[in-house]
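Descriptive structure summary
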Amino acid sequence: MTGTELTVRIWRGQEDGEFQTYRLATRAAQTVLDVVTEIQRGQEPDLAYRYACRVGMCGSCAMTVNGAPRWTCRTRVSAVARKGILKLQPLRNLPVVKDLVVDMTTFFVKWQKAKGVFEPGSVPLADFAIVKPNSAERRAVDAGVECIGCGICYSACDVVAWDRDYLGPAALNRAWTLVNDVRDRGQTERLAAVAAVGGCHSCHTHMSCTRLCPKNLAPTYAIGGLKRASARAALKVTT
Amino acid sequence: MKRSTSFMRSQRRAGVVAALVHRLSGLALTVFLPAHFLALGAALSGAKAFERFMNVTNNPVIKVLEVGLVTSLAVHLACGLRLLAIEFLNLHERTAVTIAICFAFALACGLLFLLNVQMGSVQVVPS
Amino acid sequence: MNSALFIAQRMTAVILAFAVAIHLVTIIYAAQHGLTAGHILQRTHGNLAFLALYSTFVIAAAIHGPIGLRNILREWLGWWGHRIDASLFAFALMLLALGLRAAYGVFVA
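So, how was this worked out
Residues numbered from 1 in each chain as written. Chains lettered and ligands numbered in written order. Predicted model: local features only at pLDDT ≥ 70, side-chain atom pairs only at ≥ 80, totals over all residues. Helix = DSSP H or I, 4+ residues; strand = E, 2+ residues; numbered from the N terminus. Buried ≥ 20, exposed ≤ 12 C-beta atoms within 10 Å, placed from the backbone. Pairing = 2+ DSSP bridges. Axes fitted to C-alpha atoms, helices over the stretch in contact; angles between N-to-C directions. Contact = placed C-beta atoms within 7 Å. Nonpolar A, V, L, I, M, F, W, Y, C, P; charged D, E, K, R; others polar. Domains from an automatic or database assignment. Parallel < 35°, antiparallel > 145°, perpendicular 65-115°, else oblique. Left-handed = near helix turned anticlockwise from the far one by under 90°. Arc of directions from axis to C-beta.

Some words on the overall build of chain A
Scanning chain A from N- to C-terminus turns up 10 helices and seven strands. A buried classification covers 46% of the 239 residues belonging to chain A.

Listed below in structure tokens is the structure:
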């Protein structure tokens, strides 16, 4: 495909703004990050966008590419460009700082609200906790612990778009890994946090998070686990 | 212009479609239920009154709506079972496949009803 | 409250799974055999098993529907709060009353 031209429409502005169109030559094995960088360096110096590692480890480059939230460094243009057109927008569900850059504050505030933080308790353990790698809990943790907080799942989630109280897939996925952390001493507060308004019960299993997670995590199933855990906790209180 | 945050194009995927169909069918059924209960409650006024009430349903428009209702009921059941399996049995499924099966089941129910439903007048005393 | 509503909705879902399956089979059977309203009333008259099943069906539906509606109102219309919950509770009571009346009506007809 080298030699043909790529048409790139990029969101410029904040919540109010417009798409601007840029053109550049396609190159072999081009990633969307390559495209944005080439445009910023060669055509539009004040285009704002984020990246860091460039190799699919940090998640900083996440944005909406042709309607889906993706890491631009790991998205080949040839895989997503339809008829040689790329449409780039900032991540959905987060306020726009400028152009393709969003404010991630709410994303991390909700992480805290879901008690997605390890709670060691006030009394230190006498010895190292023994966590067998094949235990059900450890396997549940393994399935979700690789999250790097890129925001793709949060952006993909329709319930986040509909309900501003919804904690979102990433925060709940992290909470589930901690629910399964046998060393953690904050389970009661955490289960209450994920069962509150905007908690796990708001998930309607659209599964966009699981489909789009670049680390192949499955927040849907983590949230299912939270539903079961919080239901059990609620029934224990009454029985 | 304002940034659009509505359903993105890529969201027309199995899980999202299933959730929407599940929700809309549930809404249709909930809205229909009071009418259904009122119609059946007419039986309290005796057989003749019930027959008169039910004869209102003997027209093609209502029959089409009835097929829609049967399909809605079946699809809501099927998608609901899938949800219960994911949430309580921790089912990890091939989403598109499972949902296709749910929709196929619902359409089968709707078709079975459509192909057999009769347009004759409602008779309380069978002839 | 969210956990309680969630549990209520999922538990009534299990009950409804059975009731709806039976109901669908009944509907299609009735359609296939050209059963008139009268035929059906003959089978339901004085039928305690029918009354028990459909009363259970009604109670479960009266709980399940409004909880689902609550999510729709919140997420699609932004309506939530005590007044909405009170209205939905009233709607549930209405469904319960009309439904049990219908089940009874078909039982005694």
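Overview of the sheet that holds strand β4 (residues 68-71) of chain A
Residues and elements named next belong to chain A. The sheet built from five strands is open, its strands ordered β2-β1-β5-β3-β4 with mixed pairing. Strands with a single pairing partner mark the edges of an open sheet, and in this sheet they are β2 (17-25) and β4. Between one strand and the next, the sheet's axes are offset by a mean angle of 35 degrees, whatever the strand orientation. Two elements, strand β1 (residues 5-13) and β2, share nine bridges in a ladder whose sense is antiparallel. Within the sheet, the bridge partner assigned to G13 lies in β2 and is G17. Against the sheet, helix α1 (residues 32-42) contacts β1, β2, β3 (62-65) and β5 (85-89), and its axis sits at roughly 100 degrees relative to β2.

Here's the deal with the pairing of β4 of chain A
The side chains of a regular strand alternate, first on one face of the sheet and then on the other. All names here are of chain A. The two faces of β4 match: A68 and R70 on one face and P69 and W71 on the other face are all buried. With four bridges connecting them, β3 and β4 associate as antiparallel partners. Bridge assignment links A62 to a residue of β4, and that residue is W71.

A short note on the interface of chain C and chain B
Each partner contributes to the interface: chain C provides 31 residues, whereas chain B provides 34 residues. Of all elements in the fold, only α1 (2-32), α2 (37-44), α3 (48-77) and α4 (82-108) of chain C reach the threshold of two or more residues within the side of chain C that touches chain B. Element by element, the count of residues in the side of chain C that touches chain B is highest for α1 of chain C, at 11 residues. Considering only residue class, the side of chain C that touches chain B consists of 20 nonpolar, nine polar and two charged.

Section: the domain arrangement of chain A
One frequently used descriptor of interface size is the decrease in accessible area upon assembly of the parts. Residues and elements named next belong to chain A. Along its sequence, chain A is organised into domain 1 (5-102) and domain 2 (105-238). Contact with domain 1, which involves 14 residues of that partner, is made by 15 residues of domain 2. Elements supplying a minimum of two residues to the side of domain 1 that touches domain 2: β3 and β4. Per-element tally for the side of domain 1 that touches domain 2: the top contributor is β4, with four residues. Considering only residue class, the side of domain 1 that touches domain 2 consists of seven nonpolar, four polar and three charged.

A few points about the packing of helix α7 (residues 169-179) of chain A against helix α8 (residues 187-195) of chain A
Residue and element names in this part refer to chain A. Across the interface, α7 lies against α8 with an axial gap of 10 Å and an inter-helix angle of 150 degrees. For the element pair α7 / α8, the angle class is roughly antiparallel. Handedness of the crossing formed by α7 with α8: left-handed. Touching L172, A175, L178 and V179 of α7 are Q187, R190 and V194, all from α8. A per-class count over the contact of α7 with α8 returns five nonpolar, one polar and one charged.

Regarding the interface of chain A and chain C
Residue-level contacts link 13 residues of chain A with eight residues of chain C. When residues of the side of chain A that touches chain C are assigned to their parent elements, the largest contribution, five residues, is made by helix α10 (residues 219-238) of chain A. For the side of chain A that touches chain C, the per-class residue count stands at eight nonpolar, three polar and two charged.

Notes on α2 of chain C
Within α2 of chain C, burial applies to A37, L41 and T44 of chain C. Buried residues along α2 of chain C cover an arc of 65 degrees about the axis, so they all sit on one side. Considering only its buried residues, α2 of chain C is in contact with α2 (47-55) of chain B together with α3 and α4 of chain C. Where α2 of chain C ends, the next residue or the one after it, G46 of chain C, has phi of about 65 degrees, a positive value.

Structural notes on unusual backbone geometry
All names here are of chain A. The backbone of A29 shows a phi angle near 55 degrees, a positive value even though the residue is not glycine. Note on placement: A29 falls in the loop between β2 and α1. For K83, which is not a glycine, the phi torsion comes out positive at approximately 55 degrees. Inspection of the secondary structure assignment puts K83 in the loop between α2 (77-80) and β5. Assessed through the 5 C-beta atoms surrounding it within 10 Å, K83 is described here as exposed.

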